[in-house]
Amino acid sequence: MTKKSKKKTWDLVPAPESTSHVNIQSEYGLFINGKFQKSKKGKMYDTINPANEKKIAKITEATKADVDTAVLAAKKAYDNVWSKMTGAERGKYIYRIARILQERAREFAVIESMDGGKPIRESRDIDIPLAANHFFYYAGWADKLDYAFPNQKIKPHGVAGQITPWNFPLLMAAWKIAPALATGNTIVLKPAETTSLTTLLLAEVIQEAGLPPGVVNIVTGHGPVGAHIVNHAKVNKIAFTGSTGVGKYIHNALAGTDKSMTLELGGKGANIIFEDAAIDQAVEGIVNGIFFNQGHVCCAGSRLFVQESIQKEVLKKLKHRISTLIVGDPLDKNTDIGAINSNKQLKVIKDYVKIGQKEGADMYVGEQVLPKKGFWCAPTLFTNVSQSHIISKEEIFGPVLAIQSFRTVAEVIKKANNTPYGLSAGIWTDKGSKLFNMSSQLKAGVIWGNTFNKFDPGSPFGGYKESGFGREGGMHGLADYIKT
Ligand code: NAI
Ligand code: MG
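Residues numbered from 1 in each chain as written. Chains lettered and ligands numbered in written order. Predicted model: local features only at pLDDT ≥ 70, side-chain atom pairs only at ≥ 80, totals over all residues. Heavy atoms only, no water.

S.K.: Tell me about the overall build of the protein, and name the residues and values.
M.R.: Each helix and strand counted, the protein has 15 helices and 21 strands in total. The dimensions of the protein, computed from C-alpha atoms along their principal axes, are 65 × 50 × 35 Å. When contacts within the protein are restricted to residue pairs at least 6 apart in sequence, those whose partners lie at least 24 apart make up 76%. Accessible surface, the protein: about 19600 Å² in total, of which carbon and sulfur atoms supply 53%. Counting 61 positive and 45 negative side-chain charges, the protein places the centres of these two groups 3 Å from one another. (Helix = DSSP H or I, 4+ residues; strand = E, 2+ residues; numbered from the N terminus. Contact = heavy atoms within 4.5 Å. Areas by Shrake-Rupley, 256 points an atom, 1.4 Å probe, with all protein chains shown as cover. Lys, Arg positive; Asp, Glu negative; His and termini not counted. Charge placed at Lys NZ, Arg CZ, Asp CG, Glu CD.)

Listed below in structure tokens is the structure:
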């Protein structure tokens, strides 16, 4: 059964962010040894704007030989320069990156929204400032590693291979590059194929900051480029964020080698609302938990558990709130839900929606009018969902919420933990004791109390079970980039 909301989306005057200050080149080479270079044999491909399917720029598909050149540049920079530098000196470079990022924040935000489809409000207020903050945070650690690891002799791994996803392109690059540099590693990083632009712009920043050539290298392209990095004999550590499928491939590829790895994989986060919660705030938290960044969030609150006594009220309020969400132009400051990152991901989401209907769940779709060009998905709720339904088990990575009810604390803990993932959870209650009790029993790396999707460079992030291992952020994030 499909039900549509009766309310129309609010009409607001368009408030598009200006793109006049943005400087995007028509094509980008690979950033190797401090310079942008053409690949000898690699082809170029288009990166497009998912909100209108227009080409933005041409990007290089790196070859195995290019990856080789990049790794050798990183190795040389490690041996000759970066491993010999004091932490205080390294810290200065990282501070410089942070400051230049801040200066160019507006430009980065616009390009992030153009290349990936996320609302400008998010790229402007979350992605870019947080990315700069990660560089500031880890710059501060570079000369204080002895305090982070007292009485231990520590050493960087050497060359770190890093592979990032398309949902938070610049932010994930910052999460990976900043702690690696602070601890004295050099880097070969591959951004996701649909959203490489802000990482290439970050390469410009790195140039401007005067980092020694080869300390950070950026190679672009699709999955096989990532695999070349993973399998390269001179890469000492792999850090990956992306799908569980590729995570398993990397895990197998590195088995029996002495490469160290961190994997940040999928999730199926539980957002749990108790009857004693502030309901209106909780409804905002549900909306933020699943519709933030089009649900392209590994720690999204994609499973909602509502206490039975308030289920009706929460659903009514949630449907009303959904009818007011604005879906459309990512560059418009009023937009709540932007474009789905790619046609491929839109197909994945649509397939899950079909599965949900086939499984017999009740569907409710916001009646927003979707733009004709581009990749879009209206906010979607499923009720009448059971634990065995595929839509309550598998990661959809879109603005689709599976809703279940519960009666007792014990019941909801059991239901929330009944997943192969363990990345995030949210608890909404007026009772601090309930929050503390639950947070020790929920098997999730991050647990938010009366909020959702909040991040801070000082706070470690990572998962349990199939959500991966290793931590990024905070002092813990340093540990994965050193050997003791
Ligand atoms: P993906 O895992 O294929 O892509 C992530 C990164 O890995 C990209 O840079 C990609 O080029 C690279 N990659 C692909 N194959 C590789 C290989 N064999 N070796 C090394 N690197 C490789 O993710 P995809 O296909 O874009 O999305 C599929 C699903 O993954 C999504 O529907 C979502 O459920 C999940 N996902 C989870 C993310 C997270 O933050 N945990 C981020 C992106 C996707
Ligand atoms: Mg793109």
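From this point on, the discussion continues.
S.K.: Describe the packing of helix H2 (residues 87–103) against helix H6 (residues 169–182), naming the residues involved and giving the relevant values.
M.R.: Running from N to C, H2 and H6 point in directions that differ by 160 degrees, and their axes come no closer than 9 Å. For the element pair H2 / H6, the angle class is roughly antiparallel. Where H2 crosses over H6, the handedness of that crossing is left-handed. Seen from H2, the contacting residues are Arg90, Ile94, Ile97 and Leu101; seen from H6, they are Leu170, Ala178, Leu181 and Ala182. Its residues assigned to classes, the contact of H2 with H6 shows seven nonpolar, no polar and one charged. (Axes fitted to C-alpha atoms, helices over the stretch in contact; angles between N-to-C directions. Parallel < 35°, antiparallel > 145°, perpendicular 65-115°, else oblique. Left-handed = near helix turned anticlockwise from the far one by under 90°. Nonpolar A, V, L, I, M, F, W, Y, C, P; charged D, E, K, R; others polar.)

S.K.: So, the side chain of Asp336: which residues are in play, and what are the values?
M.R.: Looking at the element boundaries, Asp336 is found in the loop between helix H11 (311–323) and helix H12 (343–358). Take Asp336: its relative accessible area is 15%, and that puts it in the buried class. Side-chain polar atoms of Asp336 contact the backbone nitrogen of Ile326, separated by 2.7 Å. (Buried < 20%, exposed > 50% of the residue type's maximum accessible area, 1.4 Å probe, protein only. Polar contact = N/O pair within 3.5 Å; in protein donor to acceptor, adjacent residues only side chain to side chain.)

S.K.: Explain the site of ligand 1 residue by residue, including any values.
M.R.: In the region of ligand 1, 27 residues are neighbours, and Trp166, Lys190, Glu193, Ser243 and Leu265 sit closest. Here Trp166 contributes a side-chain N or O atom positioned 2.5 Å from an oxygen atom of ligand 1. The backbone of Gly242 places a nitrogen or oxygen atom 3.2 Å from a nitrogen atom of ligand 1. Contact with the protein chains hides 87% of the accessible area of ligand 1, taken as 810 Å² for the molecule alone. (Near = heavy atom within 4 Å.)

S.K.: Quick rundown of helix H8 (residues 223–231)? Include the residues and the values.
M.R.: Along H8, the positions that sit buried rather than exposed are Val225, Gly226, Ala227, Ile229 and Val230. On its buried side, H8 packs onto helix H1 (64–80), strand E8 (159–163), strand E9 (186–190), strand E11 (237–241) and helix H9 (244–254).

S.K.: Explain the coordination of the magnesium ion (ligand 2) to me, using residue names and the numbers behind them.
M.R.: Octahedral metal centres with six donors ideally show angles of 90 or 180 degrees, and tetrahedral centres with four donors ideally show 109.5 degrees. Around the magnesium ion (ligand 2), the protein contributes the donor atoms Thr47 (OG1), Ile48 (O), Asp115 (O), Asp115 (OD) and Thr194 (O), at 2.2 to 2.8 Å from the metal centre. Expressed as a motif, the donor residue spacing for the magnesium ion (ligand 2) is T-I-x66-D-x78-T. Residue classification places Thr47 among the buried residues on the basis of a relative accessible area of 2%. (Donors = N, O, S within 2.8 Å, 3.2 Å for Na, K, Ca; no water.)

S.K.: I'd like a description of a positive patch on the surface, backed by residues and values.
M.R.: Residues Lys347, Lys350, Lys354 and Lys358 make up a contiguous surface patch of positive charge. Checked against the element boundaries, Lys358 lands in helix H12. (Patch = residues over 30% accessible without salt bridge, like charges linked within 9 Å, V, L, I, M, F, W, Y side chains within 5 Å. Salt bridge = Lys/Arg side-chain N within 4 Å of Asp/Glu carboxyl O.)

S.K.: Can you tell me about the packing of H8 against H9, naming the residues and giving the values?
M.R.: Relative to each other, H8 and H9 sit at 30 degrees, their axes nearing to 10 Å. In terms of orientation, H8 lies roughly parallel with respect to H9. Crossing of H8 against H9: the hand is right-handed. The segment H8 lies against H9, with Ala227, Val230 and Asn231 engaging Tyr249, Ile250, Ala253 and Leu254.

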